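Here is what each chain is made of, one letter per residue.
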Amino acid sequence: MVTVLLNVLLVSLGIVLLWGFLAPRSMWRAFSSWSYRDPHLNEPTGIGYGLYRVVSVIGIVTMVVSGVLVSKVQEGSQPPPPKPATTAELLWGSPEPVVVNRVIVPVNTAPAGLVNQPILGFQDMTGKTRQPSYLFSLAHFDIPEAIPANGYIGGKPNVGLVALDTAELVVRVSGDPQCFPHAAIVMQTDEAVAIAIYYGRAVPDSTHPPLNLSDCTVMAGGLNVSTLIPISLVEPLGDRTVQALDGSPIRRVGSSQ
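Caption draft 1: Expanded view of the state of the cysteines. For the structure on display, the rule yields 1 disulfide. Shown here is the disulfide that connects Cys179 with Cys216, its sulfur atoms set 2.1 Å apart. Where Cys179 bonds to Cys216 through sulfur, the torsion about that S-S bond is close to -100°, and the disulfide is left-handed. Pair noted here: Cys179 is in the loop between β4 (169–175) and β5 (180–188) and Cys216 is in the loop between β6 (192–200) and β7 (225–231), with a separation of 37 residues, a long-range link. An identical accessibility class is assigned to Cys179 and Cys216; each is buried.

Caption draft 2: Spatial organisation of the environment of Ile143. Within the fold, Ile143 resides in the loop between β3 (121–124) and β4. What Ile143 contacts, discounting residues up to four positions off in sequence, is Pro177, Cys179 and Phe180.

Caption draft 3: Representation of the pairing of β5. When you tally the buried positions in β5, you get 7 out of 9 residues, the bulk of the element. The turn linking β5 back onto β6 is made up of 3 residues.

Caption draft 4: Structural detail: the pattern of salt bridges. In this structure the tally under the stated criterion is 3 salt bridges. With its nearest N and O atoms 2.8 Å apart, the salt bridge here joins Asp165 to Arg130. Pair noted here: Asp165 is in the loop between β3 and β4 and Arg130 is in the loop between β3 and β4, with a separation of 35 residues, a long-range link. Classification of Asp165 by relative accessible area gives buried; the value is 10%. Residue Arg130 is classed as partly exposed on the basis of its relative accessible area of 36%. Arg201 is the partner of Asp215 in a salt bridge, and the nearest nitrogen-oxygen pair spans 3.6 Å. In this pair, Asp215 sits in the loop between β6 and β7 while Arg201 sits in the loop between β6 and β7, placing the two residues 14 residues apart along the sequence. Taking the relative accessible area as the measure of exposure, Asp215 reaches 41% and is therefore partly exposed. By relative accessible area, Arg201 is classed as buried at 17%.

Caption draft 5: Looking closely at the sheet that holds β7. On the basis of which strands lie adjacent, the open sheet formed by 4 strands has the order β1-β7-β4-β3 and mixed pairing. Strands with a single pairing partner mark the edges of an open sheet, and in this sheet they are β1 (98–99) and β3. Sheet topology note: the β3/β4 ladder contains 4 bridges and is antiparallel. The partner of Asp124 across the bridge, within β4, is Leu169.

Caption draft 6: The arrangement of the packing of aromatic side chains in detail. Taken as a whole and judged by the stated rule, the model has 2 aromatic pairs. Between Phe141 and Tyr152, the aromatic rings sit 6.2 Å apart at their centres with planes inclined by 40°, giving tilted as the arrangement. Here Phe141 is found in the loop between β3 and β4, whereas its partner Tyr152 is found in the loop between β3 and β4, with 11 residues between them in sequence. Overall, Phe141 belongs to the buried group, its relative accessible area being 9%. With a centroid separation of 5.7 Å and 90° between ring planes, the pair formed by Tyr152 and Phe180 is classed as edge-to-face. Of the two residues, Tyr152 sits in the loop between β3 and β4 while Phe180 sits in strand β5, which places them 28 residues apart along the sequence. Just as Tyr152 is buried, Phe180 falls in that class too.

Caption draft 7: Spatial organisation of the side chain of Ser226. Among the secondary structure elements, Ser226 is positioned in strand β7. Overall, Ser226 belongs to the buried group, its relative accessible area being 12%. Of note is the side chain of Ser226, whose polar atom sits 2.8 Å from the side chain of Arg172. Those residues within four positions of Ser226 in sequence are excluded, and the remaining contacts are Pro97, Val98, Arg172, Val173 and Ser174.

Caption draft 8: How the structure looks around unusual backbone geometry. With omega at 0°, the peptide bond leading from Ser94 into Pro95 counts as cis. Position of Pro95 relative to the elements: it lies in the loop between α4 (87–92) and β1. Cis geometry is adopted by the peptide bond preceding Pro132, which originates at Gln131 and carries an omega value of -5°. For Pro132, the location among the structural elements is in the loop between β3 and β4. Non-glycine residue Arg130 carries a positive phi angle of around 55°.

Definitions and cut-offs
Residues numbered from 1 in each chain as written. Predicted model: local features only at pLDDT ≥ 70, side-chain atom pairs only at ≥ 80, totals over all residues. Heavy atoms only, no water. Disulfide = S-S within 2.5 Å. Helix = DSSP H or I, 4+ residues; strand = E, 2+ residues; numbered from the N terminus. Buried < 20%, exposed > 50% of the residue type's maximum accessible area, 1.4 Å probe, protein only. Contact = heavy atoms within 4.5 Å. Pairing = 2+ DSSP bridges. Salt bridge = Lys/Arg side-chain N within 4 Å of Asp/Glu carboxyl O. Phe/Tyr/Trp six-rings, centres within 6.5 Å; stacked < 30°, edge-to-face > 60°. Polar contact = N/O pair within 3.5 Å; in protein donor to acceptor, adjacent residues only side chain to side chain.

So far we have only geometry, and geometry alone does not tell us how the molecule works.
Spelled out as structure tokens, the structure:
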């Protein structure tokens, strides 16, 4: 309401100033002549009307400059517009997931003392042609405890490559920030690929007190880290389904194109 009244006031003042510039005699007659007994004898001279115009011009310039400055100040005080969502955020949610840059050698049986982390989605890909390309621009998973000596999954990719280069799909988990992937089971048939990802804390050594490796949050939470884990297959996924070990389907996200 205050803004509306201020705008009405400024527009009205602008009209008056413009009137004073274009027709000072008409404005004098409308606003001042009535106060004189004989307006014709008290009418301003040409210099007086010229002064009306000068004052009106100064007022108009002042209003324009003030309006521009106020507009700039208001623009500067506004929060910046939100950045458009990236492809990764549109597909997997915000914030962007990070990629586990490890070449994974699957195990055959469930490791003892680790957490079977729910898989929240998968996307098929072609590592050799680096498609979809957005995956290769994502940051890599990195916490100090995640080192091979502590049980970190897989091995380093070959020099000049990343783990995605040799993968046929990625799976997403939302892992406890104090834990990291230790092992994966990948069972392949002509009809399906069954996957399980196992998380845990760092393997304790003689310099640290024993830890419960399986003390990890299983359900997705606000503090959990969204992680994409590359999986290598014997052959491209094709029309095969991707599922958990119990046969429950895993949600497909996007496509390989």
